[in-house]
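# Notes for the structure review
For reference, the chains in residue letters:
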Amino acid sequence: EGAKEHDMIRRIVQRRLHLSSGGTVDLSACICLLHTIHIPEATLIQTMEQAILNVKKMGKGKFLEVDEDVTNDMHRTLAIEQALVSAVESGRFEVHYQPILDTNTKKFHSMEALARLNVFGYGYVSPEEFILIAERNGTILQIGLIVLEEVCRFIAQYDLREKGIEFIEVNLSVVQCMQDTICQDIKAILKIFLARS
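Residues numbered from 1 in each chain as written. Predicted model: local features only at pLDDT ≥ 70, side-chain atom pairs only at ≥ 80, totals over all residues. Heavy atoms only, no water.

A word on the packing of helix α3 (residues 68-90) against helix α5 (residues 140-157). Packing of α3 against α5 brings their axes to within 10 Å, and their N-to-C directions diverge by 50°. Classified by the angle their axes make, α3 and α5 are oblique. Our pair here, α3 against α5, has a crossing hand that is left-handed. Residues L84, A87 and V88 of α3 form the contact with α5, whose own contacting residues are Q142, I143 and I146. (Axes fitted to C-alpha atoms, helices over the stretch in contact; angles between N-to-C directions. Helix = DSSP H or I, 4+ residues; strand = E, 2+ residues; numbered from the N terminus. Parallel < 35°, antiparallel > 145°, perpendicular 65-115°, else oblique. Left-handed = near helix turned anticlockwise from the far one by under 90°. Contact = heavy atoms within 4.5 Å.)

This paragraph deals with the packing of aromatic side chains. Summed over all chains, the structure comprises three aromatic pairs. Geometrically, the ring pair formed by F93 and F130 is tilted, given 5.9 Å between the ring centres and 50° between the ring planes. Here F93 is found in the loop between α3 and β5 (94-102), whereas its partner F130 is found in helix α4 (residues 127-137), with 37 residues between them in sequence. Take F93 and F130: they sit in the same class, and that class is buried. Centre to centre, the rings of F154 and Y158 are 5.0 Å apart; their planes meet at 50°, and the pair counts as tilted. Ring pairing ties together the aromatic residues Y97, F154 and Y158, which thus form one cluster. (Phe/Tyr/Trp six-rings, centres within 6.5 Å; stacked < 30°, edge-to-face > 60°. Buried < 20%, exposed > 50% of the residue type's maximum accessible area, 1.4 Å probe, protein only.)

We now examine the side chain of E150. Position of E150 relative to the elements: it lies in helix α5. Setting aside its immediate chain neighbours within four residues, E150 contacts G91, R92, F93, V95 and Y97.

On to a nonpolar patch on the surface, then. There is a patch of nonpolar side chains on the surface, built from M8, I9 and I12 and spanning about 260 Å² of accessible area. Mapped onto the secondary structure, I12 falls in helix α1 (residues 2-13). (Patch = residues over 30% accessible without salt bridge, like charges linked within 9 Å, V, L, I, M, F, W, Y side chains within 5 Å. Areas by Shrake-Rupley, 256 points an atom, 1.4 Å probe, with all protein chains shown as cover. Salt bridge = Lys/Arg side-chain N within 4 Å of Asp/Glu carboxyl O.)

Everything listed here is a matter of coordinates, which is why it stays silent on function.
The structure is reproduced here in structure tokens:
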């Protein structure tokens, strides 16, 4: 039934309009069909807005039927977005440290800083998932700097060289690297912690 309605609406919208000036206009429509039985009233408007964004990303003339699975996916995305915003607002982000082994000496010589996000109701979310969302909603810029601050704070707190750790690798998003101010932002954070040491 939803597909039939979609075809009918698409045929209506895709008619070529003839203007009085003699020109013509071609229209297209992205259509969402929401099954409100799966959507709590409190989140209906938010779900509708997310559905519209999703179908627009699919391209012109696309049709998205928002069933229970799609609704659950959208709720998960919204929860991740809220967790990212909360992390940015608090200025803290969870960072785990993965030791890196030197195969020649058989000793740990460095670590990699790994950003982790614990989302209420979903637990820990893969970076592959939340990084894409952070890049899309713009929070990746602040998160990258917050993670760097956390790493600097960690280095300042512990004598890592005593344990054979020479450096910590910090990953940067491509979006961050495209910013004109990336070098100045990193230098500013390093300057603060170098001044404390």
